[in-house]
Amino acid sequence: MTLEVDDLRVYYRTLKGDVQALDGVSFGVKDGEILGLAGESGCGKTTLGKALIRLDGRMKHVGGSVTLDDQVLPIGDDVKMNPYRFKQVSLIPQYSMSAMNPTRKIGRMVRELLDSRKVKLDLDELHNRLDLVELPREVLGKYPIELSGGMKQRMVMVISTLLNPSLLIADEITSALDVSTQKAVVTTLKGFRDRGFVKSMLFITHDISLTNQLADTIMVMYAGKLAEKAPAGVVVNAPKHPYTQLLISSLPEVGVRYADKRLTGIPGNPPSLLNPVPGCRFRDRCPLAFDKCAEEPPPVEVEKDHVVACWKAA
Amino acid sequence: MRRYFGRKLLVYGLTFFMAVTVNWLVPRLMPGDPVASMLARARVAQPEAQEALRVYYNNLFGFDQPWWQQYLNSWGALFRGDFGISLWAFPTPVADLLTRAVPYSLALLIPSILISWVIGNRLGALAARRKVLDNTVLPVSYVLTATPYLWLAALMAWGFGIVWGIFPVAGGYSFSMTPSFTWPFFVDLLWHWVLPFASLFLVALGGWAIGMRNVIIYELESDYANYLSALGAPQKLIRRYAFRNAVLPQITGLALQLGVLVAGALVTEIVFSYPGLGSLILAAIQNKDFFLLQGAFLFIVLGVLIANFIIDVIYVIVDPRTRVGMAGASA
Amino acid sequence: MTTTTVEPLRPPVRWEALYFALRNTKLLVGMGIILILLGIGVIGPFFIDKPPSEYVGMQMQPPSGEFWLGTNTFGQDLWAQFVHGLRTTFLVGALGGGIAAVIGMAIGFLAGYKGGWIDEILTMFTNVVLVLPTLAVLFILNAYIGVRGAGMQALFIGLTQWPWAARSIRAQTFSLRSRDFVDLARLSGVGSGRIIMREIAPNMSSYLLLTFILLFGGSILIASSLDFIGLGPTDAVSLGLMLQQAHQWSAMHLGLWWWFIPPGAGITLIVGALYVANVGLDEVFNPKLREL
Ligand SMILES: Nc1ncnc2c1ncn2[C@@H]1O[C@H](COP(=O)(O)OP(=O)(O)OP(=O)(O)O)[C@@H](O)[C@H]1O
Ligand code: SF4
Ligand SMILES: [Mg+2]
């Protein structure tokens, strides 16, 4: 196991109380595995992604643990977390277009970043990787503003993976792109994994069909909790959780071209995460809900590698 | 690049044109014969000069010519460097009075602006997102920017000059001295310069510190800063980048503040009777010497425009984005 | 096909703002100082029976129970002048700042909303006035036309102070222009003026308030410079005029610190309090600044 997350709880501090955005999530990611993370807007995907690398000022680590390569990550401590960042956990941000310092030439920025982490820049390796993503080597002598959007994104992908991290987090990196560019990004990410630049990956998106092209395993979250996790094909073709089933059936044709459909086609809204009612959080919208659902359904491994948190599925 | 400077120069050209036009128009808007009424109101030093002045100015204004001819004449005079003759310091030409005063004003302005800008930026950058420093630097800076230049000048003149008697409080040099290129005179000059410089410097300092603090906080929240943090870059590197990027809007701020800084220098000079443009303007107003006032006005406008242009050039040198963007090479 | 009803989950912004406002020390301290000084300026003159220029007693008296701020070389009561001066200073600041704000808004909204050549021309004009050194222009205007009243002075100040406000309002309007609610209004045939007043201005009301506060403070500072140089109102006392007289009659050399310290301190307090309140308000309106 590269990554093991155990009962992770991360809340947002707000005036009205804590928003329980990530409320007891457990899962693992194996060596070489790409885990796709899907779910409606606001279900806690970004929160999970950030929790693994850098909490923002309003987030607090309430409980649970994250283990990466048999080391427990000090995720609640911004300073202690620094040695792990970039080298063990890295991130391709959603904001690739503005992720690079606009007033530094890219090559110089990379060198200064590596210097600051006390890592020697392997220029040949950097050049190889630029070749791989089809960026001319001259980009290193340019300012970010001189690159097109797609070039910037590829450059950031190269920077983020330069130190061969064990875990790479990619949060919504394809949302702003057109379909053909999305495909290219997905192919590149796969290539990174196949070449061993990254050991495992957490790929976050709204878009289940895109996830299906890339991920080995798909994890579906609902309202801060894990709903279902299974090999990609199983989630798409034989989901067990009522929420996943609705998600999949609301897509036109899974895995085919127009993958732009967002996960919104389910009536009703997710519950507030401020003071969530006990029991299954999907209860209000679930067509199969029954008495027992007033208790919280535990995640159960119904088949090998197939975990579902629903009383009906167990 | 050409477009950028083209636009800037157009603005500056228009501004100068407007300033000259206003300068030409305002006296003509006064009721009656402007020359007569100005001479009547002015306190001309030598009464016998009255008649000479009347002839001279009637010629200069050229009221017997059509207005457009008068207007062109005024541009012609301007390009010859002819700003008229001072009523108050008759028969000294206004241009002479102004060129004698300008070095003093520049000696106050340039060091106080540059040094306050550099130190203020450092202070503001240090204070940003650091609780203790922020809570000391920020309030002090707010008090400083809220202080009228003239009042801080008066306080310093009173405290350091009169109560403690450390520095002289009036003039550009001692009355007993004659200007010369000698050490004693230079030291004397410097001695008189300290207080006006210090009070200008202090008021301006606060503004720069506040500006830098606000901009750098914004930079520290920007995407590139977040990305670097996520990659575990130390705060030192992130702050270095943020500072460098925050300096750019501060350069623009320098251009925007020029007018205020010049105004501050003028009143500060008055407090210290410092022989720069400010004191000339005061004399002009007190003696209703409108020609001197108008000349000073054009000098200041011209100076501010030149300074603006210099800042534009510096900005282009410092910000790679303007250069790259203007080269039109972006893919 | 299923339909989702997306409720507009707008947080109660106003209450939240009030909540933070009442807990923001900067805002409370700033507003407190302003209100106290404003109170003195508004109510104070009613408790002083003699006009501020009257010669009331002994000359050059230091502050005492009878003359709280002492008297000057002519035997005028400086407290009376200070109280009346506060009033004038507030008046000039509010009027000058208000006029500048109105002009800045008119030009900023118009340029930002209309775009195109209107924007080009207005922006060019704004930039021209922006680089003109304000005080120098005011010298010329005031000297020729002559200023008798505080209102006139405020008008001139307002006429020269607006450019930076216009510039920033234009930028804000520009970014609001393409938002959904503005598009919606435009599509339903609402006129430009109404859209600006109904949709755009309310959405940047906090920003406009902040702008006005800064213009208010700036006007007070400019007025004090004008007063000091001898171009102040001739029919009133202001804090700047007190400083001018103190300087003209060598108060510093005579050691009459009570003549020039209070008016300057008054200006600094007002302007400083305005700036600090402005920062506080900014924090109240802008959640990003609240952290830490
Ligand atoms: N700064 C914050 N303060 C308070 N609550 C927050 C904050 N950020 C997120 N939340 C709440 O936490 C929950 C999870 O948010 P998160 O951003 O992780 O969702 P997401 O799954 O990434 O959504 P999306 O698909 O829209 O990106 C949401 O209910 C959201 O309202
Ligand atoms: S536990 Fe009950 S409410 Fe929740 S998904 Fe399963 S059936 Fe529906
Ligand atoms: Mg998200």
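The structure presented is a predicted model; accordingly, all values stated were derived computationally and were not measured.

Reading guide: rules and limits
- Residues numbered from 1 in each chain as written.
- Chains lettered and ligands numbered in written order.
- Predicted model: local features only at pLDDT ≥ 70, side-chain atom pairs only at ≥ 80, totals over all residues.
- Heavy atoms only, no water.
- 1 Å grid on protein atoms, 1.4 Å probe; cavity = no way out; pocket = protein on both sides within 12 Å on 5 of 7 lines; lining within 4 Å.
- Points joined across faces, edges and corners; volume = space filled by probe spheres on them.
- Nonpolar A, V, L, I, M, F, W, Y, C, P; charged D, E, K, R; others polar.
- Domains from an automatic or database assignment.
- Contact = heavy atoms within 4.5 Å.
- Buried area = accessible area lost by both parts, 1.4 Å probe.
- Salt bridge = Lys/Arg side-chain N within 4 Å of Asp/Glu carboxyl O.
- Polar contact = N/O pair within 3.5 Å; in protein donor to acceptor, adjacent residues only side chain to side chain.
- Helix = DSSP H or I, 4+ residues; strand = E, 2+ residues; numbered from the N terminus.

S.K.: In this structure, what is going on with empty space enclosed by the protein? I would like to understand it.
M.R.: Rolled over the atoms, a probe as big as a water molecule pinpoints where empty space is left. If you walk through the whole model with that rule in mind, you get eight cavities of 30 Å³ or more. Approximately 340 Å³ is the volume attributed to the largest cavity. Each residue belonging to the lining of the largest cavity can be placed in one class, and the counts come to ten nonpolar, seven polar and two charged. Counting contributing residues, the lining of the largest cavity receives three or more from each of domain 1 (2-79) and domain 2 (94-319) of chain B. Size it by volume and the second largest cavity reaches roughly 80 Å³. Residue lining of the second largest cavity: His241(A), Pro242(A), Cys280(A), Phe282(A), Arg283(A), Cys286(A), Ala289(A), Cys293(A), Pro297(A), Ala309(A), Cys310(A) and Trp311(A), and that is the complete set. In the lining of the second largest cavity, the residues fall into ten nonpolar, one polar and one charged.

S.K.: Can you walk me through the domain arrangement of chain B in this structure?
M.R.: The extent of an interface is frequently quoted as the accessible surface area lost upon association of the parts. Residues and elements named next belong to chain B. Its domain assignment divides chain B into domain 1 (2-79) and domain 2 (94-319). Taking only C-alpha atoms, the centre of domain 1 and the centre of domain 2 are 31 Å apart. Taken together, the contacts link 18 residues of domain 1 with 17 residues of domain 2. Here domain 1 and domain 2 share an interface that buries about 1800 Å² over both sides, 71% of which is from carbon and sulfur atoms. Residue Asp 312 is joined to Lys 8 by a salt bridge in which the shortest nitrogen-to-oxygen separation is 3.7 Å. At the junction of domain 1 with domain 2, the criterion picks out two residue pairs in polar contact (both at pLDDT 80 or more). Only helix H1 (2-29), helix H2 (34-41) and helix H3 (49-61) provide two or more residues apiece to the side of domain 1 that touches domain 2. Sorting elements by how many residues they give to the side of domain 1 that touches domain 2 places H1 first, with eleven residues. A per-class count over the side of domain 1 that touches domain 2 returns 13 nonpolar, two polar and three charged.

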